[in-house]
Each structure stands twice: as structure tokens, then as C-alpha cells.
Amino acid sequence: MNQFKLKQGLFLNYLVHGFALIILTQNLLELAHNWNSTIAVASFVLSGIGIGRLVAYLIMGMLSDRFGRKQILLIGMSTYLLFFIVTPMNHSIMIAYGLSIIAGIANSALDSATYPLFTELSRNDSSNNILIKAFISIGEFILPLIVLFLKGHQLWFGISFLIPAAILGLNIINLITCQFPAKRVVDQVEAKQSNEPINMKQVALTTVLFIYGFTSMAVMIWFTQWITIFANQIGFSDVTAHLLLSLYSIGSITGVIASFLILKRFNARRQLFLDLNLVALIAIITVSASRIPLLSSVAAFAFGLSAAGGVMQMALNQLLAIFPNRKGTLTGIFFMFGSIASFTVPIISGFLILLGAQNILNGDIVIALISCLVAIVVFAVKPAPNSLGDARTEINQLDAKLIKILEQRFQAVKAVSHFKQADHIQTEDLKREQAVLNQVDQLTKQKDILPYNQNIIQNIMNNAKQYQNSLTQNKTVKDD
Ligand SMILES: O=C(O)C(=O)C[C@]1(C(=O)O)C=C[C@@H](O)C=C1
């Protein structure tokens, strides 16, 4: 019951976060009026969110590891509450900018607490993190409807801020009363893994996944920023141009739900991650090259499904599995790279257009290609399993290989048995067994498992002897 209440509260926060992501742009006219400024100046206030994020992610991430998830979560929620309550009533643009920075800080606190928390709540299930994305999208979907409703009924625009504020207020009470997983227990299990020295595999994976923190965000921002303009440039109608963005959003929600269900059912995270990145690359190439509205529409949907369907969350899950007791810090750094992307993509793509780029979407293809390369590295390097389910799937796959090899070994034993029967040699050969065990010693690189390996092989040989005896008995019975 407690877990259900807690999870519900965590998801509800992301619905509110979905509101926060677009609430300033959705109410920009009214806000600009309040601030006594033009829309152009008012839109400058939006950059405060980016600054807040950039500055706060790393700090919040480390604080989350140091002081625990609950504290940082409550900091995130209360700073968001402050943002929602004060912004519609405030009349100073300076304070508005400060509030935007606070929203950015709130965002980073929420992420730094929630993503690690979800992996700690369900050790055998990392798919909840992907569902976060669905709640963000639902929030982004509902808020414009609220804004429209308020406008239609000539109600105060500030109500659109007070609704998320009320949800947050109630949710703070809900989450304060929830019990969080004890940090001590989490640490005991994970400290053991973290004491092992860092190896090259971990360094390589962490590096490429940080790059992915940038590219996975950049690929989406680039698309959403330019797709409508691009579609108009290549002569598509206004309706089609806007439709492409809507199809992308529908694809995104479909992708999140589909990925969530697939990962709940099958343990195919590496394969799914690779496949989605390949689909995203093909989809963006298609959108860029196509001049047929229907083909572009299908590709835009596919791009939303693959590039914005939770791959970023999947990558973060893989990252959190590498250093389990630095989850907060890793989440902070990962999203910091995402914030850098939100900052730089508009600047870089703007420059490209100024320099006379023929096709502005080609830049997005390059980013999608880098994402694909990361996915290939992740697929090849095989990160450590990050859930009980994943670890068991790996064991199942390895057992399948072992069985095949055992069948081959027993075939070889059968051949040995024939020769021995023909030459009347005794089944058991202790000298040969010792030679086999010596080879096990030479071949085993991880010396801590050597006794287990030798034990297993000894057992196999014991079974091989029984098998040979059964073959001989069968033969003698037949011969009789
Ligand atoms: O090599 C043999 O002589 C076998 O019979 C095979 C085998 C084995 O399984 O490796 C089994 C029993 C013997 O004691 C030694 C080895």
C-alpha cells in the first residue's frame, strides 16, 4: 500500500512537471503584460529554467546520494510550488527570471531524487522510469486544454498555475507521510559492488552514456524546433507541417507505453535500445529526404515513437546500473548533458541556417547517427544487468549455451566409451581427470571462482562416468 502511494505520488509530480515545461510559453502574452514587457523580452525569461537546471543538476545529484531521496524530492516539490504560486501574481521581470531559475532547480531536484528512487523501489524492474516520460507527456497534453478553457470562459490565466500548485500541495502531504526505502539497506547491498575497482568497460560505458545524455535530448529538440519550418520550406501545406509535429507527439506517447509493456514482459532492454535507435535514424533520414506527405507523416510518427519513446530513460537506467551507489550523482550529470543540449541546439542549428544550410534536418541525422553508435557500443559492451529479471534472463541465455555444449561433450564421452569398450579399458581414469582439472585451472581467469569451476567439471566427469556405465550396461544387456 505504501509503495503504491509512493509511486503514485512520484508519477503525479511528473504530470505537474509536464505542466511546468510549457506553462510559461502557454501564458506568455498575459505574463508579458504583467511584467510590462514585450513578448520578445518575456521569452528571455524562459532561459532561466535552463540556467537553473545546468547549475543545479550536479549539486542536487550529489545531495541526493548524500542526504537521501526524500529530502531532495521535497526540496524539488516545494521549490516548484513556490514557482507556481508566485509566478502568476508577480509583476517584476527580475523576480520572474529568478522564479524561472527556481523552476530549473526544482526540475533537477525532482529528477535527481526520483530516477534513483524508482530503481531502488523495484530492484527487479526498471521500467517505471520509462513511465515517467508518459506522465510528462500527459501533463503537456492537458495544460493547453486548461489554458484554452480559461480563455474561453474569460477566467484568470493564473488558475492554470494554481491547479498544478494545488496538486503539488496535496502531493507533498502524501509523500511526507510515505515511507521511503531505507538508505542504509540500499547501501549495504550496493557498497559491495562499488568497492570493486573501476574497469575499462565501466569507463567506456559511462562515457558513451553521458554522450547519449546530450544526443538523446538534442535529437528531439532539433526535430521539434525545426520540423514545421522544414515542412513549409519543402512545400508541404500548413496543415501537414503542423500534423508532423502532432504525429511525433502521438508517436512519443505510443513509444513510451509500448516500451514499458515490452520491458515489463521481456528482458530485452539492450536489444530494444539498439532497435529504437536504429529506427530513429532511419525515420529522421526518411523525414529529411521525403517529399511525399504521407511518407513523411509515417516517418514523423516512427521518429516520435523511437527517439522520444523513453530511450533517454532507458540509457539512464543502464548508467545507474554501472555505479549503483552513485545513482543521484549519475542522474545529475546525465541530465546536465541534456540541459547543455537544450541550450546549444537552438544556437547551433540557428548558426547552420545562417550559414545557408540546405537542409536543416541533416544536422539531426548526424546526432541520431551518434546516438546509434552509442547504442551499438552499449549493445557490444553489455552493461551489467540492472534488475533481477535482467540478470535471470542473462542466466537463461548462458544456460542455453551450456546445455548445447554439454550435449556435445556427452557425444564425445560416448565416443570415448566405444573406444574403451573395444579395448576393454576401465571407465574411470583418475590421471585423465587430474589433467582435465589442471586445464580448468589454466583456463579460469577469475581465480575466485576456480574451486567452483573445478567442482562443476568434476561433477560433469562423475556424470560422464555414470553415463558411460549405463552405456556399457545397455550393451551387455543387449549382447546377452
Ligand atoms: O577421458 C576419458 O577417459 C573419459 O572417460 C572422459 C572423462 C571426462 O568426462 O572427461 C570421464 C571419466 C574419466 O574418469 C575421465 C574423463
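The following paragraphs examine the structure supplied in this document.

The rules behind each value
- Residues numbered from 1 in each chain as written.
- Predicted model: local features only at pLDDT ≥ 70, side-chain atom pairs only at ≥ 80, totals over all residues.
- Heavy atoms only, no water.
- Near = heavy atom within 4 Å.
- Polar contact = N/O pair within 3.5 Å; in protein donor to acceptor, adjacent residues only side chain to side chain.
- Areas by Shrake-Rupley, 256 points an atom, 1.4 Å probe, with all protein chains shown as cover.
- Helix = DSSP H or I, 4+ residues; strand = E, 2+ residues; numbered from the N terminus.
- Nonpolar A, V, L, I, M, F, W, Y, C, P; charged D, E, K, R; others polar.
- Phe/Tyr/Trp six-rings, centres within 6.5 Å; stacked < 30°, edge-to-face > 60°.
- Buried < 20%, exposed > 50% of the residue type's maximum accessible area, 1.4 Å probe, protein only.
- Lys NZ or Arg CZ within 6 Å of the ring centre and 35° of its normal.
- 1 Å grid on protein atoms, 1.4 Å probe; cavity = no way out; pocket = protein on both sides within 12 Å on 5 of 7 lines; lining within 4 Å.
- Points joined across faces, edges and corners; volume = space filled by probe spheres on them.

### A look at the site of the ligand
- Within the structure, the ligand sits among R409, V416, K420, T427, E428, D429, R432, E433, M461, A464, K465 and Q468.
- D429 places a polar main-chain atom, nitrogen or oxygen, 2.9 Å from an oxygen atom of the ligand.
- In isolation the ligand offers 360 Å² of accessible surface; the protein chains occlude 92% of this area.
- Where the shell around the ligand is concerned, the elements lending two or more residues are α17 (388–423), α18 (430–443) and α19 (450–479).
- Sorting elements by how many residues they give to the shell around the ligand places α19 first, with four residues.
- Residue composition of the shell around the ligand, by class: three nonpolar, two polar and seven charged.

### Topic: the packing of aromatic side chains
- Inspection of the entire model under this criterion finds 19 aromatic pairs.
- Note on Y57 and F335: the rings are 5.5 Å apart at their centroids and 20 degrees apart in plane angle, and the pair reads as stacked. Highlighted residues: Y57 in helix α4 (residues 47–67) and F335 in helix α15 (residues 327–354), separated in sequence by 278 residues.
- On the basis of relative accessible area, F335 is assigned to the buried category, the value being 8%.
- Grouped by ring-pair contacts, the aromatic residues Y80, F83, F84, W156, F157 and F161 constitute a single cluster.
- Just above the ring of F67 sits the side chain of R66; from NZ or CZ to the centre is 5.2 Å.

### Focus on empty space enclosed by the protein
- Considering all chains together, one arrives at one cavity of 30 Å³ or more under this definition.
- Taken as a whole, the largest cavity spans an internal volume of roughly 70 Å³.
- In this structure, the largest cavity is lined by Y212, V219, N277, A280, S306, A307, V311, A368 and S371.
- Where the lining of the largest cavity is concerned, the elements lending two or more residues are α10 (200–233), α12 (269–289), α13 (293–307) and α16 (362–381).
- Considering only residue class, the lining of the largest cavity consists of six nonpolar, three polar and no charged.

These results come straight from atomic positions and should not be treated as a statement about function.
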